[in-house]
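Letter by letter, the chains look like this.
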Amino acid sequence: MRAIRFHEQGRPLVVEEIDAPRPGPGDVLIDVVAAGVCGTELHFLEGLLTPATTPITLGHEVAGVVAEVGAEVAGVAPGDRVAVHYLHACHRCRSCRAGDDHLCDAPLGFLAFVTDGGFADRIVVPASAVVPVPEGLDLSVAATLCCSATTALHAVDVAEVQPGSSAVVYGTGGVGLAMVQVLREAGARPIAVARNPERLALARELGAAATVDATGGDVAAAIREATDGAGADVVFELVGTRETGAAALASLGKRGTLVYVGYSFDTVEITPLALVVPEQRIVTSVGNRRSELVAALDLAARGRLRTTVREYPLEQAGTALEDLRAGRVVGRAVLVP
Ligand SMILES: [Zn+2]
Ligand SMILES: [Zn+2]
């Protein structure tokens, strides 16, 4: 079968022929219909993140149709339309038992980090990792929800966003545009920050109460203005550079929460005094729980979560990532094998 494999930093991504995987007793074999292209893949190519093993098939946002199930699998059958939760939790460790399966201590698999991902014709995953895709929901959309909207749902949960609060979405890629909608659903007042006018317009269409063009100068001042001088209750930092970190901190109001979701090679300077006096806090959010994938699929099926999808054939993985890096993708790119 065909697969896009990561070997090492700097090596171009091309389609390779590899042996098709076979399902074990507790696994399912899935014909991949779509696999989302995420900033995480860029981080691999840039060397900011390193997979645990190489070569490895990329792609951790996967949806498809079940082709075959192992002898011990119940509740999933060939022909089922499914989305895959990227982290195949053990459901037994301390984190899993606390409901934090995204922090599992002994995962059975971790797509594109430890085990082969979905930039391929087929993929094998534990049956416990698949989630049914509601009828009528496009599988390309379902694939993108595996990371963008689920990550947004998790971050909003971590931040304990309250109805009526002002929440800045700093960066409007796939996660950011989903986050605007998740915040709208939570009754918050989303304020989107971006450099791309097309994305800012889309953020407004999806429910942003205000938008700030980051090319226009003082972002923090614009956010203070949009919050009647109070500063934001929550700022979601989806970019993670020195510049955006400083602006995000300067945008926070009293008892405000800065949530790190995005990261880069940059470091960020923090002055404890500036945080202590207004009693602000900094928290982080990583990935998402399996239950958040279920919730994201449900929201989308009910028309409460819209995703703009741009499809590329599997062979064009390199182009899709180049477009993502250059900011040319509005919404989410998916590879279609
Ligand atoms: Zn992702
Ligand atoms: Zn676990």
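Residues numbered from 1 in each chain as written. Chains lettered and ligands numbered in written order. Predicted model: local features only at pLDDT ≥ 70, side-chain atom pairs only at ≥ 80, totals over all residues. Heavy atoms only, no water.

Visitor: Pulling in residues and values, what's your account of helix α8 (residues 242-251)?
Guide: Every buried residue belonging to α8 is among Thr-244, Gly-245, Ala-247, Ala-248, Leu-249 and Ser-251, and all of these are buried. The inward-facing, buried residues of α8 contact β11 (166-170), α7 (219-226), β14 (232-237), β15 (252-260), α9 (272-276) and β16 (281-284). (Buried < 20%, exposed > 50% of the residue type's maximum accessible area, 1.4 Å probe, protein only. Helix = DSSP H or I, 4+ residues; strand = E, 2+ residues; numbered from the N terminus. Contact = heavy atoms within 4.5 Å.)

Visitor: Give a detailed account of empty space enclosed by the protein, specifying residues and quantitative values.
Guide: Applying the stated criterion to the full structure yields one cavity of 30 Å³ or more. Approximately 80 Å³ is the volume found for the largest cavity. Taken together, Ser-148, Gly-174, Leu-177, Ala-178, Gln-181, Leu-202, Leu-206, Arg-306, Thr-307, Thr-308, Gly-331 and Arg-332 make up the full set of residues lining the largest cavity. Ranked by residue count, the leading element in the lining of the largest cavity is helix α5 (residues 174-185), at four residues. Within the lining of the largest cavity, the residues separate by chemical class into four nonpolar, six polar and two charged. Counting contributing residues per domain, the lining of the largest cavity is built from domain 1 (2-146 + 288-336) and domain 2 (150-284), each supplying no fewer than three. (1 Å grid on protein atoms, 1.4 Å probe; cavity = no way out; pocket = protein on both sides within 12 Å on 5 of 7 lines; lining within 4 Å. Points joined across faces, edges and corners; volume = space filled by probe spheres on them. Nonpolar A, V, L, I, M, F, W, Y, C, P; charged D, E, K, R; others polar. Domains from an automatic or database assignment.)

Visitor: Residues and numbers for helix α10 (residues 290-301), please.
Guide: With twelve residues, α10 extends 17 Å between its outermost C-alpha atoms, agreeing within 8% with the 16 Å of an ideal straight helix rising 1.5 Å per residue. Taken as a whole, α10 has its buried residues at Glu-292, Leu-293, Ala-296, Leu-297, Leu-299 and Ala-300. One face of α10 carries all of its buried residues, which in axial projection span an arc of 160°. Where α10 is buried, its residues touch β6 (81-84), β10 (130-132), α3 (139-145), α4 (148-158) and α5. Count one or two residues on from α10 and you reach Gly-303, which has phi positive near 75°. (Expected span 1.5 Å × (residues − 1). Arc of directions from axis to C-beta.)

Visitor: Please give an account of the domain arrangement of the protein that cites residues and values.
Guide: The assigned domain composition of the protein is domain 1 (2-146 + 288-336) and domain 2 (150-284). Distance between the C-alpha centres of domain 1 and domain 2: 27 Å. Between domain 1 and domain 2, the contact holds 24 residues from the first and 22 residues from the second. In terms of surface lost to domain 2, no three residues of domain 1 exceed Leu-48, Arg-306 and Val-330, which account for 30% of the buried area on that side. Put simply, Glu-205 and Arg-306 hold a salt bridge, and the shortest N to O gap is 3.0 Å. Counting residues per element, the ones that place at least two in the side of domain 1 that touches domain 2 are α1 (39-46) and α10. Broken down by element, the side of domain 1 that touches domain 2 gets its largest block of residues, five residues, from α10. When its residues are assigned to classes, the side of domain 1 that touches domain 2 shows eleven nonpolar, seven polar and six charged. (Buried area = accessible area lost by both parts, 1.4 Å probe. Salt bridge = Lys/Arg side-chain N within 4 Å of Asp/Glu carboxyl O.)

Visitor: Give me the lowdown on the coordination of the zinc ion (ligand 1), citing residues and values where you can.
Guide: Distances from the zinc ion (ligand 1) to its protein donors, namely Cys-38 (SG), His-60 (NE2), Glu-61 (OE) and Cys-147 (SG), fall within the range 2.0 to 2.5 Å. In the primary sequence, the donor residues of the zinc ion (ligand 1) line up as C-x21-H-E-x85-C. Here the residue Cys-38 occupies a position in the loop between β3 (27-37) and α1, and His-60 occupies one in the loop between β4 (56-57) and β5 (61-69), the gap between them amounting to 22 residues. Side by side, Cys-38 and His-60 carry an identical accessibility label, which is buried. (Donors = N, O, S within 2.8 Å, 3.2 Å for Na, K, Ca; no water.)

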